[in-house]
Amino acid sequence: MKGHDRINNALPDELILEIFRRLDSQSSRDACSLVCRRWFHLERISRESIRIGASASPDQLVTALVARFPNVRNVYIDERLTISLPAPLGIRRHAGRPTASSVKRQLKSRKAGVEDQEIQPCCLSDSGLAAVSEGFAYLEKLSLIWCSNVTSHGLKSVAESCRSLRSLDLQGCYVGDLGLAAIGESCKLLEDLNLRFCEGLTDTGLGALASGCRRSLKSLSIAACVKITDVALEAVGSHCRYLEVLSMDSEFIHNKGVLAVARGCPCLKVLRLQCTNVTDEALLGVATFCSTLELLALYSFQKFTDQSLSAIGKGCKKLKNLTLSDCYLLSDKGLEAIATGCSELTHLEINGCHNIGTTGLEFVGKSCQRLSELALLYCQKIGDFALSEVGRGCKYLQALHLVDCSNIGDDAMCSIGMGCRNLKKLHIRRCYEVGDKGIVAIGRNCKFLTDLSIRFCDRVGDEALMAIGQGCSHLCHLNISGCHQITDNGITCIARGCPQLIFLDVSVLQFIGDASLAELGEGCPLLKDVVLSHCRQITDVGLSYLVKGCSMLETCHIVYCPNITAAGVATLISGCVNLKKILVEKCKVSERTKRRAGSIISYLCVELI
C-alpha cells in the first residue's frame with residue numbers, strides 16, 4: 001500500500017542484491033527491476049552478464065545496453081539466435097492508451113502478414129564491438145559467436161580497452177592475424193581462447209598471441225582453420241607452458257604439432273583431437289610427456305592402433321575421462337590397457353569402434369571401480385556379459401547410455417539394476433533385446449533414478465512402467481517414444497507413482513489416449529514439457545484434463561494428432577499461462593488463437609508448421 005513500504009524501509013541494498021542473485025532466472029530479475037526505482041537502480045548496477053541474439057539493429061542495441069548496465073563483466077553475443085522485436089529499438093512502450101501511430105503500425109503489420117515472421121537480423125559491426133569494449137572496461141568474458149562482420153579492427157578496440165579480459169570466444173568470426181596479435185599484446189590475463197571456424201587466421205596470428213599470453217593461456221580450441229598448421233602449434237608448445245586444455249579439429253595438423261604441444265605443455269589436462277593425419281607417434285609423445293592428463297577424446301581416427309592406448313595406460317595414470325569415437329583400428333587389447341593402467345577412470349564413451357567387444361569392457365568392469373558414467377553407442381560386438389561385469393564391479397555408476405547395441409539385453413539390465421543401485425540416468429535407444437524384464441530390475445533396485453529414456457525398444461511395455469512407477473518416485477524425465485506396447489495402463493502407473501515428473505515424451509505411442517492425459521493432469525502437477533506428437537488416440541478432451549492439472553506447462557508438441565482440433569489448441573493456450581512453445585500444424589490455429597498468442601508473444605512462441 002502507498003506509504004507503507006515495509007520491504008525497502010527494512011532491507012539494506014546488500015540484502016536485496018543477494019535476493020536478486022538467488023532468483024532462478026534472468027526474467028525474474030528483470031521483473032523485479034520494474035517494481036520501484038530503487039530496485040531498478042540496484043538491478044542496473046548489479047548486472048554482470050548480458051546475452052544478445054541477432055537483432056535488426058545490433059549496434060544500437062549494444063549501445064543502449066552499455067548505457068544501462070555499466071558493471072557488466074560477461075558479454076555473450078550469438079548471431080545464430082534470432083529474436084523478434086515488438087517495437088523499433090529506442091521506442092519506449094508506455095502503459096495506458098495506445099497512440100494513433102502505434103495502432104496504425106499494428107494494423108499495417110497484421111495486413112502485411114508479419115505476425116508469423118521474424119525480423120531479418122543484421123550483424124554486429126566493428127563500431128558495435130567498439131561500444132562494447134569502451135562501455136564495459138572491466139570486461140572479463142567476451143563471446144562473439146558467428147559475428148561475421150567483426151574484423152581485426154574491432155578486435156583491436158577490445159584489446160585496447162579490455163585489459164582484464166580472461167575469456168574470448170571468436171567462433172565463426174572472420175578476424176585476421178592483426179586482431180589476434182593485438183589481443184596477445186594487450187590482454188595479458190587471457191586464459192581461454194576459442195578459434196573454431198576462424199578461417200581468416202594463420203600461423204602468424206596464433207603465434208603472436210601465444211607469445212603475448214605465454215603466462216596466462218590455459219585453454220585453446222581450434223577447428224576448421226585451414227591456414228593454421230603445425231607451425232602454430234609449435235609456437236604454442238614453445239611459449240604456453242601453462243596450457244591445460246587443447247581441442248583440435250583439423251586436417252592440416254600432423255604429429256609434429258601435437259608432439260610440440262606435448263613436450264612444451266607439461267600441465268596439459270584435457271586433450272581433444274579430431275586430426276586424421278595424427279598417428280601413434282603423437283599419442284606416444286602425449287603418454288610420455290603429459291602425465292597429468294585427465295581427459296582424452298579421440299574422434300574419427302583411422303591411423304592409430306592399440307599401441308597408442310597401451311602407452312596412454314602406462315603413462316597417464318590420472319586419466320579420468322576417455323572418449324573413443326569411430327576409432328576403427330582399436331580393439332579389446334587397447335581398452336584392456338586403459339582399464340588396467342587408468343584405475344581412476346570415471347567416464348568412458350565408446351562410439352562406433354567396431355573392433356571393441358565384450359572382452360575389453362569386461363576389464364573396465366573389473367578394474368575401474370570408480371566409473372560413474374558409461375556410454376556405448378553403435379557397439380555391435382559388446383554383449384551382456386560385459387555389462388554384467390560392470391554391474392558387479394562399478395558400484396558408483398550413475399549414468400548409462402546405450403544406443404544401437406544389438407547384443408545387449410535383459411540379462412545385462414538385470415545385472416546393472418542389481419549392482420548399480422546409485423544409477424540416476426538410464427538412456428536406451430534401439431536396443432531391441434531389452435524388454436520388460438530388464439527395466440523391471442531397474443525399477444525395483446535403482447531408487448534414485450531421475451532420468452529414464454527408453455526409445456524405440458519394442459519389447460518394453462506396461463509391466464516395465466509399473467515397476468518404474470512403484471520404485472522410482474524421484475523420476476523427473478521420462479522418454480518412452482516409440483515403445484509401441486505401452487498403453488494407458490503403463491502411463492497411469494507413472495502418473496500415480498512419479499509426482500515429480502517435469503518432462504514426458506510419449507510420441508508415436510498408438511495405444512495411449514485421453515485416460516493417460518487425465519491421470520497425468522491429476523498426478524503430475526509439476527509437468528513442464530510434454531511431447532504428444534503422433535499419438536492418434538488423444539483428443540481435445542484429454543488435452544483439457546492435462547491443461548487443468550498441469551498449470552506449469554511450458555512446452556507442448558502435438559503434431560500429427562488427428563483428433564486434436566483448433567478448439568484443443570485454444571484450450572491449451574488459454575489455460576497455461578507459462579506456455580513458451582507449442583508445436584502444431586498451422587491449420588489447427590484459429591485467427592482468434594493467433595491474436596491471443598500475439599498479445600503475449602514475449603513469453604509465448606507458437607511455431608506453426
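Residues numbered from 1 in each chain as written. Predicted model: local features only at pLDDT ≥ 70, side-chain atom pairs only at ≥ 80, totals over all residues. Heavy atoms only, no water.

*Asks:* Could you clarify how one ought to interpret the overall build of the protein chain in this entry?
*Replies:* The number of helices and strands found in the protein chain is 25 helices and 21 strands. Relative to the compact-globule value of 25 Å for 609 residues, the protein chain shows a C-alpha radius of gyration of 28 Å, a close match. With respect to the three principal axes, the spread of C-alpha positions in the protein chain is 75 × 65 × 50 Å. For the protein chain, contacts bridging at least 24 residues in sequence account for 78% of all contacts bridging at least 6. Surface summary for the protein chain: the accessible area is close to 27,900 Å², and the carbon and sulfur share equals 52%. Once the 69 positive and 63 negative side-chain charges of the protein chain are each reduced to a mean point, those two points are 6 Å apart. (Helix = DSSP H or I, 4+ residues; strand = E, 2+ residues; numbered from the N terminus. Rg over C-alpha atoms; globule rule 2.2 N^0.38 Å. Contact = heavy atoms within 4.5 Å. Areas by Shrake-Rupley, 256 points an atom, 1.4 Å probe, with all protein chains shown as cover. Lys, Arg positive; Asp, Glu negative; His and termini not counted. Charge placed at Lys NZ, Arg CZ, Asp CG, Glu CD.)

*Asks:* What exactly am I supposed to notice about the domain arrangement of the protein chain here?
*Replies:* For an interface, size is often stated in terms of accessible area lost upon the parts coming together. Domain boundaries assigned for the protein chain yield domain 1 (9-46) and domain 2 (50-82 + 123-278). Averaged C-alpha coordinates put domain 1 and domain 2 at centres separated by 33 Å. The partner domain 2 presents five residues to the five residues of domain 1 that form the contact. Here domain 1 and domain 2 share an interface that buries about 440 Å² over both sides, 42% of which is from carbon and sulfur atoms. For domain 1, the biggest contributors to the area lost against domain 2 are Phe40, Arg44 and Ile45; these three give 83% of the whole. At the junction of domain 1 and domain 2, the tally comes to zero salt bridges. Linking domain 1 with domain 2 are three residue pairs in polar contact (both at pLDDT 80 or more), by the criterion used here. Residue composition of the side of domain 1 that touches domain 2, by class: two nonpolar, one polar and two charged. (Domains from an automatic or database assignment. Buried area = accessible area lost by both parts, 1.4 Å probe. Salt bridge = Lys/Arg side-chain N within 4 Å of Asp/Glu carboxyl O. Polar contact = N/O pair within 3.5 Å; in protein donor to acceptor, adjacent residues only side chain to side chain. Nonpolar A, V, L, I, M, F, W, Y, C, P; charged D, E, K, R; others polar.)

*Asks:* So what exactly am I meant to see when it comes to the confidence of the model for the protein chain here?
*Replies:* Detailed conclusions should not be drawn from predicted coordinates in areas where pLDDT is low. Overall, the predicted model of the protein chain reaches an average pLDDT of 89, with 90% of residues at or above 70. Of the regions scoring below 50 in pLDDT, residues 599-609 engages in 27 contacts with residues more than four places distant in sequence or in other chains. (pLDDT = per-residue confidence, 0-100.)

*Asks:* Looking at this model, I keep getting lost on the UniProt feature "domain: F-box" (unreviewed entry) in the protein chain. Mind explaining?
*Replies:* Mapped onto the present numbering, the UniProt feature "domain: F-box" (unreviewed entry) falls at residues 11-52. Here residues 11-52 runs as 62% helix and 10% strand, with 32 Å between its end C-alpha atoms. (UniProt positions renumbered as here; feature names shortened; annotations may be inferred.)

*Asks:* Is there a simple way to explain the packing of aromatic side chains in this structure?
*Replies:* The description of an aromatic ring pair rests on the distance of the ring centres and on the angle between the ring planes. Enumeration over the complete set of coordinates arrives at two aromatic pairs. Ring geometry for Phe20 against Trp39: centres 5.9 Å apart, planes inclined by 80 degrees, an arrangement best described as edge-to-face. Here Phe20, found in helix α2 (residues 13-21), pairs with Trp39, found in helix α4 (residues 37-46); they are 19 residues apart in sequence, far enough to count as distant. Over the ring of Phe69 we find Arg47, and its NZ or CZ is 4.4 Å from the ring centre. Geometry around Phe363 places Lys366 over its ring, the cationic atom sitting 5.7 Å from the centre. (Phe/Tyr/Trp six-rings, centres within 6.5 Å; stacked < 30°, edge-to-face > 60°. Lys NZ or Arg CZ within 6 Å of the ring centre and 35° of its normal.)

*Asks:* Help me understand the side chain of Asp78, please; the structure alone is not making it clear to me.
*Replies:* The topology assignment puts Asp78 in strand β2 (residues 74-82). Among the polar contacts listed, one links the side chain of Asp78 to the side chain of Arg80, at a separation of 2.8 Å.

*Asks:* I tried to follow the pairing of strand β20 (residues 581-584) on my own but got confused; where do I start?
*Replies:* Both faces of the sheet carry side chains from a regular strand, because those side chains alternate between them. In terms of strand pairing, strand β19 (residues 555-557) meets β20 through three bridges, oriented parallel. Of the residues in β20, the one forming a bridge with Thr555 is Lys581. Crossover β19 to β20 through helix α24 (residues 566-575) is right-handed. (Pairing = 2+ DSSP bridges. Right-handed = clockwise from strand over helix to strand, strands pointing away.)

*Asks:* Looking at this model, I keep getting lost on the packing of helix α18 (residues 410-419) against helix α19 (residues 436-445). Mind explaining?
*Replies:* Two numbers describe a pair of packed helices, the interaxial angle and the distance between the axes. Running from amino to carboxyl end, α18 crosses α19 at an angle of 5 degrees, the nearest separation of the two axes being 7 Å. In terms of orientation, α18 lies roughly parallel with respect to α19. For the pair α18 and α19, the contacting residues are Asp410, Asp411, Met413, Cys414, Ile416, Gly417 and Met418 in the first and Lys437, Gly438, Ala441, Ile442 and Asn445 in the second. In terms of residue class, the contact of α18 with α19 is made up of six nonpolar, three polar and three charged. (Axes fitted to C-alpha atoms, helices over the stretch in contact; angles between N-to-C directions. Parallel < 35°, antiparallel > 145°, perpendicular 65-115°, else oblique.)

*Asks:* For this particular structure, what's the right way to read helix α15 (residues 332-341)?
*Replies:* Helical periodicity: at 3.6 residues per turn, an α-helix aligns residues three or four positions apart in one direction. Among the residues of α15, Gly334, Leu335, Ala337, Ile338, Ala339 and Gly341 are the ones counted as buried. Against the buried residues of α15 lie α14 (306-315), β10 (321-325), β11 (347-351) and α16 (358-367). (Buried < 20%, exposed > 50% of the residue type's maximum accessible area, 1.4 Å probe, protein only.)

*Asks:* Sorry, what's going on with unusual backbone geometry here?
*Replies:* With the exception of glycine, most residues fall at negative phi, and the peptide bonds are largely trans. With a phi angle near 55 degrees, Asp326 is a residue other than glycine that sits in the positive phi range. Mapped onto the elements, Asp326 comes out in the loop between β10 and α15. Overall, the relative accessible area of 25% leaves Asp326 in the partly exposed class.

*Asks:* Whenever I open this one, the packing of helix α12 (residues 255-264) against helix α13 (residues 280-289) confuses me. Can you help?
*Replies:* Interhelical geometry of α12 versus α13 gives an angle of 0 degrees and a closest axis separation of 9 Å. As judged from the angle between their axes, α12 and α13 are roughly parallel. Within the contact between the two elements, α12 uses Asn255, Val258, Leu259, Ala262 and Arg263 and α13 uses Glu281, Ala282, Gly285, Val286 and Phe289. Grouping the constituent residues of the contact of α12 with α13 by class yields six nonpolar, two polar and two charged.

*Asks:* Could you clarify how one ought to interpret α2 in this entry?
*Replies:* All of the buried residues in α2 are Ile16, Leu17 and Phe20. Projected down its long axis, α2 carries its buried residues within an arc of 100 degrees, all on one side. Opposite the buried face of α2, at more than 90 degrees from it, the exposed residues are Glu14 and Arg21. Each element contacted by the buried residues of α2 is listed here: α1 (6-10), α3 (26-32) and α4. (Arc of directions from axis to C-beta.)

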